[in-house]
Every structure is written in C-alpha cells, then in structure tokens.
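Given next are the chains, with one letter for each unit.
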Amino acid sequence: MIPKYIEHIGIAVKSIEESLKYYEGVLGMECYAVEEVVDQKVKTAFLKVGETKIELLEATSEESTVAKFIEKRGEGIHHIAFAVDDVDAKLEELQDKGLKLIDKKSRSGAEGLSIGFLHPKSTLGVLTEFCEKK
Ligand code: CMX
C-alpha cells in the first residue's frame, strides 16, 4: 500500500499563538482550526497549503512528547504524516517488514482521523505517521 499524499507536516512549537504571528502574519497562511488532543497532551493548530496541512503542536503538559522534543532539540519539524487507505493494514505490513511501531493499532487523532505512528529509530530518524479519513 503506497502512501497517497503528504497529509500534514507536524511542527513542534512553544506557543501556537506566537508561531501564528509568523505563519499567518508573515507567510499569509490561515489557521482554520485549533484542537486539543487530550490523550497526546497537545494543542494543535492547522493551516492548509494546497492538499497538505501544517500542524502546529504545542505541549499542554510537561510530560507531553512534544515538550520533551522541544527540550532536547528545540522547536522545529516533529513528524511527517502520510495519507493511506487503511492505517491498520499499513502498520501490519510494516511490522511484518521488521519496522518498529509506536502504535500496533490505529487510534483516534486530530480532525477525527485514524492515525498510527512508526518509531523514528526504524525510519531513518523521521517520526512517521499514517492517517486515514474515517
Ligand atoms: N523525531 C525524530 N526522533 C525523535 C523524535 C521525533 N519527533 N522524538 C524523539 N526522537 C528520538 C529522540 O531524540 C531519541 O533519540 P536518542 O535515543 O538518539 O536520543 C529517541 O527518539 C527516543 O526519544 P525519547 O525522548 O527517549 O522518547 P520519547 O519519550 O520522547 O518518545 C517517541 C519518542 C517518538 C516514541 C514519542 O514522541 C511518540 O510516541 N510519538 C508519537 C506520538 C506523538 O508524537 N504525538 C504528538 C503528535 C500528535 C498528533 O499529531 O496529533
């Protein structure tokens, strides 16, 4: 199963409000949604560029993986997300190929998408997500 397109690029930021001064104020893009994903301990903001979205990620707790990421590496690109037809089938296919999964089964993510992550240690250092529209 080949990824269909880049669904979004996740960018870790310290403050969504501050970073929108750049994305909206300087680049002229428009934030169309802000949503908290409670189980991921993040607040997200979405901006659209053609078919692809930019997802700004702000930690809502110090234990958030995004807070840890910023502490270690600073703000910047956090993950890439590919659209697929079936996240569970994709995860199973890649596990069979020996890749390390973060999610063995898909779960619910922002915008009502079904999502699943691969571990960056088995994807050449790029945290990789698959998304499926429900
Ligand atoms: N990209 C690349 N490498 C990353 C990374 C990232 N985003 N986050 C962590 N790493 C690396 C670390 O640098 C570390 O490498 P070293 O061992 O060489 O130092 C290694 O992965 C393990 O990192 P860690 O800090 O010990 O582990 P964490 O507890 O931070 O967990 C990860 C890392 C990837 C398993 C975790 O971030 C995770 O489960 N991510 C998936 C879920 C997620 O990112 N949710 C937020 C977005 C939700 C959304 O989009 O809605």
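Here the structure is a predicted model, which means the values were calculated and not measured.

> Teacher, can you tell me more about the overall build of the protein chain here?
In terms of helices and strands, the protein chain carries three helices and eight strands. Mapped in sequence order, the helices and strands of the protein chain form the string β-α-β-β-β-α-β-α-β-β-β. For 134 residues, the compact-globule estimate of 2.2 N^0.38 gives 14 Å, and the C-alpha radius of gyration of the protein chain, at 15 Å, lies within 12% of that figure. Principal axes of the C-alpha set define a box for the protein chain whose edges measure 45 × 30 × 25 Å.

> Where do I start with the pattern of salt bridges in this structure?
Opposite charge on two side chains allows them to pair when their charged atoms are near. Counted under the stated rule, the structure contains eight salt bridges. Among the salt bridges present, the one from E93 reaches K90, with a minimum N-O distance of 3.1 Å. Pair noted here: E93 and K90 are both in helix 3 (residues 87-96), with a separation of three residues, about one helical turn. Overall, the relative accessible area of 22% leaves E93 in the partly exposed class. The partner of K134 in a salt bridge is E132, and the shortest N-O contact between them spans 3.5 Å. Classification of K134 as exposed rests on a relative accessible area of 73%. If you follow the salt bridges from partner to partner, you end up with E7, K53 and E111 in one network.

> Explanation requested: the site of the ligand in the structure shown.
Around the ligand there are 19 residues in total, and Q40, E55, K68, H78 and K121 lie nearest to it. The side chain of E55 places a nitrogen or oxygen atom 3.1 Å from an oxygen atom of the ligand. Between the ligand and R73 there is a distance of 3.1 Å, counted from a nitrogen atom to a side-chain nitrogen or oxygen. Computed on the free molecule, the ligand has an accessible area of 960 Å², of which 75% lies beneath the protein chains in the complex.

Cut-offs used in this document
Residues numbered from 1 in each chain as written. Predicted model: local features only at pLDDT ≥ 70, side-chain atom pairs only at ≥ 80, totals over all residues. Heavy atoms only, no water. Helix = DSSP H or I, 4+ residues; strand = E, 2+ residues; numbered from the N terminus. Rg over C-alpha atoms; globule rule 2.2 N^0.38 Å. Salt bridge = Lys/Arg side-chain N within 4 Å of Asp/Glu carboxyl O. Buried < 20%, exposed > 50% of the residue type's maximum accessible area, 1.4 Å probe, protein only. Near = heavy atom within 4 Å. Polar contact = N/O pair within 3.5 Å; in protein donor to acceptor, adjacent residues only side chain to side chain. Areas by Shrake-Rupley, 256 points an atom, 1.4 Å probe, with all protein chains shown as cover.

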